[in-house]
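Topology and contacts: notes
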Amino acid sequence: MKIDLKIRRFNPTTKNGREPYYQAYSIEASEGMTVLEALMSIAAAQDPTLSFRRSCRSSICGSCAIKINGFTKLACSTQIIPEHEKAHEMVLEPIANHTVLKDLIVDFDPFWKKLDKVKPYLMPPETQPEGRTKEVHISEKDAEAIDHAQKCIMCGSCNSECNALEIEKKYLGPAALAKAWRFVGDVREEGGRKRLGRLSDDHGIWDCVRCVHCVEYCPKGVEPLTAIERLRSRAIQEGIKDNHGAKHVEAMVNSVKKVGRLDEAAMTFKTLGLLRSLGMIPFGLKMEMHGKMPHPHLFPQIKKIDEVRTIYAEIKRKNKNAKKKPKG
Ligand code: SF4
Ligand code: SF4
Ligand code: FES
């Protein structure tokens, strides 16, 4: 079957490649052919200047993530014929949220630097507890809590589709945070609290806007958002609350407890505090002009507030009982 492809080209070292452009190719696709095999056949038979990354060809090394018809996927595990039948076209582009170096190859340096920032290794206690002479075994249940985060192949697909990263380049991003959970969630880890403190700083766990793209696009089921939510809960449990994210969560919980709904008018003030809220005045005026400003009178207490408070009391009781239960 003949398939026409459009591939985004870019080569800053040549005069006509300095601006990205799309080049058309055509291939004879066979049943089961992957997008990576199509790229390799173009490079071998039609255009040796076409640049892309690949190594294992078996969804293991994470090298070949690209955008296929607008969605980030591994080229080596995506069959070209069904993909073409679905989209009625075949447009290949480099992944997003990364600087393009040439054609489909992007700069992974910032990706590795962010990974480095979360210190991707286990921090065991500096001195072993007295009497410990053997290796530490972890239970199946404890291993399960971090299992999903161990599957990462560092392909960058999650970062490519991350809405928060698109807006804020300094955000650590889903791949690095999934790796952070891999170690914070490990029962053998001792440096967890310190790590959580750093991860709660600006551009860490609280930058995520929970769009779920990182879960949707991860080819390995790592679920970075699950990791981020676990990191957030753990940080709050550890009392790391002097940051906008934790304050925002607390403001939400308290607002529902107080009036039975989210009092958006009070949320900004409670999250940012007086000084930073004043800095939001220009933004507030803009919202007002567009009819988007939440007004206090829109959030009166609901009628059956007692029922909401009963739920809170029940959660508190359950948490208290759970803390009392001996671990093991
Ligand atoms: S859920 Fe959070 S980390 Fe995941 S893609 Fe969306 S904003 Fe990024
Ligand atoms: S979390 Fe998934 S999508 Fe993100 S880098 Fe790891 S394997 Fe790739
Ligand atoms: S070539 Fe290794 S994951 Fe695709």
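Keep in mind that what you see is a predicted model, and the values were worked out from it rather than measured.

Within the structure, ligand 1 sits among 14 residues, and Cys162, Ala164, Cys208, Cys211 and Cys214 are positioned closest to it. For the shell around ligand 1, the elements supplying multiple residues, two or more each, are α6 (163–167), α9 (213–217) and α10 (224–237). Among the elements that line the shell around ligand 1, the one with the most residues is α10, at three residues. A breakdown of the residues in the shell around ligand 1 according to their chemical character gives eleven nonpolar, two polar and one charged.

Another point: the sheet that holds strand β4 (residues 71–74). On the basis of which strands lie adjacent, the open sheet formed by five strands has the order β2-β1-β5-β3-β4 and mixed pairing. Unpaired on one side and paired on the other, β2 (21–28) and β4 mark the two borders of the sheet. The average angle at which neighbouring strand axes cross in this sheet is 35°, direction not considered. Pairing of strand β1 (residues 2–9) with strand β5 (residues 91–93) involves two bridges; the strand directions are parallel. Bridging across to β5, Ile7 finds its partner in Leu92. Together, β1, β2, β3 (65–68) and β5 form the strand contacts of helix α1 (residues 35–45), whose direction differs from that of β2 by roughly 100°.

Turning our attention to the domain arrangement of the protein. Domain parsing of the protein yields domain 1 (2–106), domain 2 (109–125 + 141–237) and domain 3 (256–324). On the side of domain 2, 13 residues touch domain 1, which itself brings twelve residues to the contact. For the side of domain 1 that touches domain 2, the per-class residue count stands at six nonpolar, six polar and no charged.

Around ligand 2 sit 15 residues, and of these Cys152, Cys155, Cys158, Cys218 and Val222 come closest. Listing elements by their share of the shell around ligand 2, those giving two or more residues are α5 (157–161) and α7 (174–184). In terms of residue count, α7 provides more of the shell around ligand 2 than any other element does, three residues in total. In terms of residue class, the shell around ligand 2 is made up of eleven nonpolar, three polar and one charged.

Leu177, Ala178, Ala180, Trp181, Ile205 and Leu231 are the most contacted members of the largest nonpolar core, which totals 34 residues. Take this core: its biggest share by element is eight residues, from α7. The contacts of Ile205, once residues within four sequence positions are left out, are Leu177, Leu199, Ser200, Ile228, Leu231, Arg232, Ala235 and Gly245. Judged by nonpolar contacts, the second largest core, of 24 residues, contains Leu5, Ile7, Ala29 and Phe52.

Let's shift gears to the pairing of β3. What you see with β3 is no split at all: Ala65 and Lys67 on one side and Ile66 and Ile68 on the other are buried throughout. Of the pairings in the sheet, the one linking β3 to β4 comprises four bridges and is antiparallel in character. If you follow Ile66 over to β4, its bridge partner there is Lys73. Two strands pair when backbone bridges link them, and β3 and β5 are joined in this way by two bridges, in the antiparallel orientation. Bridge assignment links Ile68 to a residue of β5, and that residue is Leu92.

Rules of the game
Residues numbered from 1 in each chain as written. Chains lettered and ligands numbered in written order. Predicted model: local features only at pLDDT ≥ 70, side-chain atom pairs only at ≥ 80, totals over all residues. Near = placed C-beta within 6 Å. Helix = DSSP H or I, 4+ residues; strand = E, 2+ residues; numbered from the N terminus. Nonpolar A, V, L, I, M, F, W, Y, C, P; charged D, E, K, R; others polar. Pairing = 2+ DSSP bridges. Axes fitted to C-alpha atoms, helices over the stretch in contact; angles between N-to-C directions. Contact = placed C-beta atoms within 7 Å. Domains from an automatic or database assignment. Core = buried A, V, L, I, M, F, W, Y, C linked by C-beta atoms within 7 Å. Buried ≥ 20, exposed ≤ 12 C-beta atoms within 10 Å, placed from the backbone.

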